[in-house]
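An overview of the molecular structure
This is what each chain is made of:
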Amino acid sequence: MKQVQQVLKAIDAANAADPTLEEGQPAALLYGARMTEELARLFPDASALLQIAARGQHVERWLLPRSDYPEGRAGYYAWRKEQGRRHGARVAGMMADAGFGETDQTRIGVLLRKENIKGDAEVQALEDVICFVFLRWYFAPFADTQDPDRLPRIVERTAAKMSAKGRARVLQEFDLPEDFAALFRD
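Residues numbered from 1 in each chain as written. Predicted model: local features only at pLDDT ≥ 70, side-chain atom pairs only at ≥ 80, totals over all residues. Heavy atoms only, no water.

Thoughts on the overall build of the protein
Within the protein, the secondary structure is distributed over nine helices and two strands. Taken from N to C terminus, the helices and strands of the protein fall in the order α-β-β-α-α-α-α-α-α-α-α. Taken over C-alpha atoms, the radius of gyration comes to 16 Å for the protein, in line with the 16 Å a tight globule of 186 residues would show. With the C-alpha coordinates aligned to their principal axes, the bounding extent of the protein is approximately 50 × 35 × 30 Å. Within the protein, contacts between residues at least 6 apart in sequence are counted, and of these 64% link residues at least 24 apart. Separation between the mean location of the 26 positive side-chain charges and that of the 28 negative ones in the protein comes to 3 Å. (Helix = DSSP H or I, 4+ residues; strand = E, 2+ residues; numbered from the N terminus. Rg over C-alpha atoms; globule rule 2.2 N^0.38 Å. Contact = heavy atoms within 4.5 Å. Lys, Arg positive; Asp, Glu negative; His and termini not counted. Charge placed at Lys NZ, Arg CZ, Asp CG, Glu CD.)

Structure, rendered in structure tokens:
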């Protein structure tokens, strides 16, 4: 457990350098705390690696701005893929510093790149947590910046990434307009 705490502290130290503030603190640091909180709530028995992945999900994300990639879907997916690769490598390095072995370092990359999302229970759990954090704290401000006609498709994509249990829990925990709620039903 000491190794896990060392990695979490390293992630927090890295994210404390985020120049973007949200609620008076570095945005990436706040995001990591929210991910940890949601993981503990949704998956209280999460493995140590899943705990590290949740906290490191956006480690130093600001260092590779979205604006460095072309507009549109292809540019977004290229940026997101590179972020996953970077996050996996960065957290694996922190894990190496804390004494984690190569197998665990490789596994953290799988989690943070979200490989085999529907076939790997831990990757799926991480994605469910990501979606909960997005819906709970980031969807409303994000929605205000979007064309209202695009929102149903965005919500549909979010729901599609989630497990059936995750979607059912969204319906229990969030008071969604019916047209959005329908997208979370199986």
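Structure shown, so let's carry the discussion forward.
Some points on helix α8 (residues 164–173)
Within the span of α8, buried status applies to Gly166, Arg167 and Val170. Burial along α8 is one-sided: seen end-on, the buried residues are contained in an arc of 100°. Exposed and oriented more than 90 degrees from the buried face of α8 are Lys165 and Gln172. On its buried face, α8 is in contact with α6 (121–143), α7 (151–161) and α9 (178–184). (Buried < 20%, exposed > 50% of the residue type's maximum accessible area, 1.4 Å probe, protein only. Arc of directions from axis to C-beta.)

Description of the pattern of salt bridges
Inspection of every chain in the model, using the stated rule, returns 16 salt bridges. Arg34 is the partner of Glu23 in a salt bridge, and the nearest nitrogen-oxygen pair spans 2.9 Å. A residue pair is termed long-range when its members are at least 10 positions apart, and Glu23 in the loop between β1 (21–22) and β2 (25–26) and Arg34 in helix α2 (residues 27–42) qualify at 11 residues. Since its relative accessible area comes to 62%, Glu23 is described here as exposed. Taking relative accessible area as the criterion, Arg34 reaches 5% and is therefore assigned buried. As a salt-bridge pair, Glu38 and Arg41 come within 2.9 Å of each other at their nearest N and O atoms. (Salt bridge = Lys/Arg side-chain N within 4 Å of Asp/Glu carboxyl O.)

Details of the nonpolar core
Ranked by internal contacts, the top residues of the largest apolar core, which has 46 residues, are Ile52, Ile108 and Leu126. Looking at this core, the elements with two or more residues in it are α1 (2–15), α2, α3 (48–56), α4 (72–97), α5 (102–113), α6, α7 and α9. Examining the composition of this core, we find that 11 residues originate from one element, α6, more than from any other. When sequence neighbours within four positions are dropped, the list of residues in contact with Ile52 reads Val4, Val7, Leu8, Ile11, Val91, Met95, Phe100 and Ile108. (Core = buried A, V, L, I, M, F, W, Y, C linked by side-chain atoms within 4.5 Å.)

Let's talk about the packing of α2 against α6
Contact pair α2 / α6: the axes reach a minimum separation of 9 Å and the direction vectors enclose 120°. Regarding the angle of α2 to α6, the classification is oblique. In the crossing of α2 with α6, the sense of the turn from one axis to the other is right-handed. Mapping the contact onto sequence places Tyr31, Arg34, Met35, Glu37, Glu38, Leu39, Arg41 and Leu42 in α2 and Leu126, Val129, Ile130, Phe132, Val133, Arg136, Trp137 and Tyr138 in α6. (Axes fitted to C-alpha atoms, helices over the stretch in contact; angles between N-to-C directions. Parallel < 35°, antiparallel > 145°, perpendicular 65-115°, else oblique. Left-handed = near helix turned anticlockwise from the far one by under 90°.)

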